[in-house]
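# Architecture and fold: a report
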Amino acid sequence: VLGLGELDAAQLREQLVAELATWGGRHVFGNLRAGAELQGMPWMSLEAVYVEPKVFGGVLSGSALNTLWKTVQARPLTLVTAEMGLGKTLTARMFVRERALDWLEAKDAPGERWLPIYVRCADDMRAGHTELEDLVASAWMRQWEERSGKKLRARDARLVLPREGVRVVIVLDGLDEVNLS
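The following refers to the structure shown. Only a predicted model underlies this, so the values are computations on that prediction, with no experimental measurement involved.

Another point: the overall build of the protein chain. Scanning the protein chain from N- to C-terminus turns up six helices and four strands. Shown N-terminal to C-terminal, the secondary structure of the protein chain runs as helices and strands in the order α-α-β-β-α-α-β-α-α-β. Judged by the C-alpha coordinates and their principal axes, the protein chain covers about 50 × 45 × 40 Å. Out of the 181 residues belonging to the protein chain, those deemed buried represent 39%. The contacts in the protein chain between residues at least 6 apart in sequence include a share of 54% that link residues at least 24 apart. Accessible area of the protein chain: about 10,900 Å², with a carbon and sulfur share of 54%. Charged side chains in the protein chain number 23 positive and 25 negative. The centres of these two groups are separated by 1 Å.

Following this line, the structure appears as structure tokens:
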């Protein structure tokens, strides 16, 4: 693993995506790594306890993850809504994990890859900072610090969306939980 100062933007993104790919082994509550202090709560990895919702009706039906992926590929802006507690966040995390695994497996086919980006709105969205570039930079800064314990500067040139040749899927999780005023 290269040191932070040695990473270019593509290498930094690759390491962040590799981290997203590990989410199946994280705790279902809090996305905690294995070995985290749980204060009496049993270990429940996302991959082991996730029950994928089914989609009924409309043009697409079947598993939520496949339906979501087909929809995202067909429509640049996809909105998922449901009542609280029905699995939107867990499905978002599994969706991002699957895209991360796809990204890592398709290194030899760059045109087939979609760069997954996960924005946890409650943590990454601040008053006055609602531009997509700011949200992505904030998410990557948070994720890098969680991964490495090291901070990235807010204006680090590597924290920009790729401009050409890279398709991106950005998941804004918990947008309904933030006050934008």
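Moving on, there is more to tell.
With that settled, consider the pattern of salt bridges. Where side chains of opposite charge bring their charged atoms close, a pairing between them can arise. Enumeration over the complete set of coordinates arrives at 14 salt bridges. We note a salt bridge from D123 to R120, for which the minimum N-O separation is 2.3 Å. For R120, a relative accessible area of 24% translates into the label partly exposed. The shortest N-O distance in the salt bridge between R158 and D156 comes to 2.7 Å.

Moving on: the environment of V51. Structurally, V51 is set in the loop between helix 2 (46-49) and strand 1 (54-55). Distance in space between the C-alpha atoms of V51 and V178 is 26 Å, their sequence separation being 127 residues.

To continue, consider helix 1 (residues 9-20). The terminal C-alpha atoms of helix 1 lie 17 Å apart, and with twelve residues this matches the ideal 16 Å at 1.5 Å per residue to within 8%. Taken together, the buried positions of helix 1 are L12, R13, E14, Q15, L16, V17, E19 and L20. On its buried side, helix 1 packs onto helix 4 (88-105), strand 3 (114-120) and helix 6 (132-148). At the N-terminal boundary of helix 1, the capping side chain belongs to D8, with an oxygen 3.1 Å from the backbone nitrogen of A10.

We now examine helix 4. The end-to-end C-alpha distance of helix 4, which contains 18 residues, comes to 26 Å, matching closely the 26 Å that a straight helix rising 1.5 Å per residue would cover. Those residues of helix 4 that sit buried are T91, A92, R93, M94, F95, V96, R97, R99, A100 and W103. Where helix 4 is buried, its residues touch helix 1, helix 2, helix 3 (64-74), strand 3 and strand 4 (167-173).

With that out of the way, let us pick up the packing of aromatic side chains. According to the stated counting rule, one finds three aromatic pairs in the structure shown. Here the aromatic rings of W23 and Y118 are separated by 4.9 Å at their centres, their planes lie at 90 degrees, and the arrangement is edge-to-face. Here W23, found in the loop between helix 1 and helix 2, pairs with Y118, found in strand 3; they are 95 residues apart in sequence, far enough to count as distant. Comparing W23 with Y118 shows no difference in burial state: the two are buried. Through a chain of ring-to-ring contacts, the aromatic side chains of W69, F95 and W114 assemble into a single cluster. Between R99 and the ring centre of W69, over which it is positioned, the NZ or CZ distance is 3.9 Å. The ring of F95 carries the charged tip of R99 above its face, separated from the ring centre by 5.0 Å.

Reading guide: rules and limits
- Residues numbered from 1 in each chain as written.
- Predicted model: local features only at pLDDT ≥ 70, side-chain atom pairs only at ≥ 80, totals over all residues.
- Heavy atoms only, no water.
- Helix = DSSP H or I, 4+ residues; strand = E, 2+ residues; numbered from the N terminus.
- Buried < 20%, exposed > 50% of the residue type's maximum accessible area, 1.4 Å probe, protein only.
- Contact = heavy atoms within 4.5 Å.
- Areas by Shrake-Rupley, 256 points an atom, 1.4 Å probe, with all protein chains shown as cover.
- Lys, Arg positive; Asp, Glu negative; His and termini not counted.
- Charge placed at Lys NZ, Arg CZ, Asp CG, Glu CD.
- Salt bridge = Lys/Arg side-chain N within 4 Å of Asp/Glu carboxyl O.
- Expected span 1.5 Å × (residues − 1).
- Polar contact = N/O pair within 3.5 Å; in protein donor to acceptor, adjacent residues only side chain to side chain.
- Phe/Tyr/Trp six-rings, centres within 6.5 Å; stacked < 30°, edge-to-face > 60°.
- Lys NZ or Arg CZ within 6 Å of the ring centre and 35° of its normal.

Function cannot be read off these values alone, since they describe shape.
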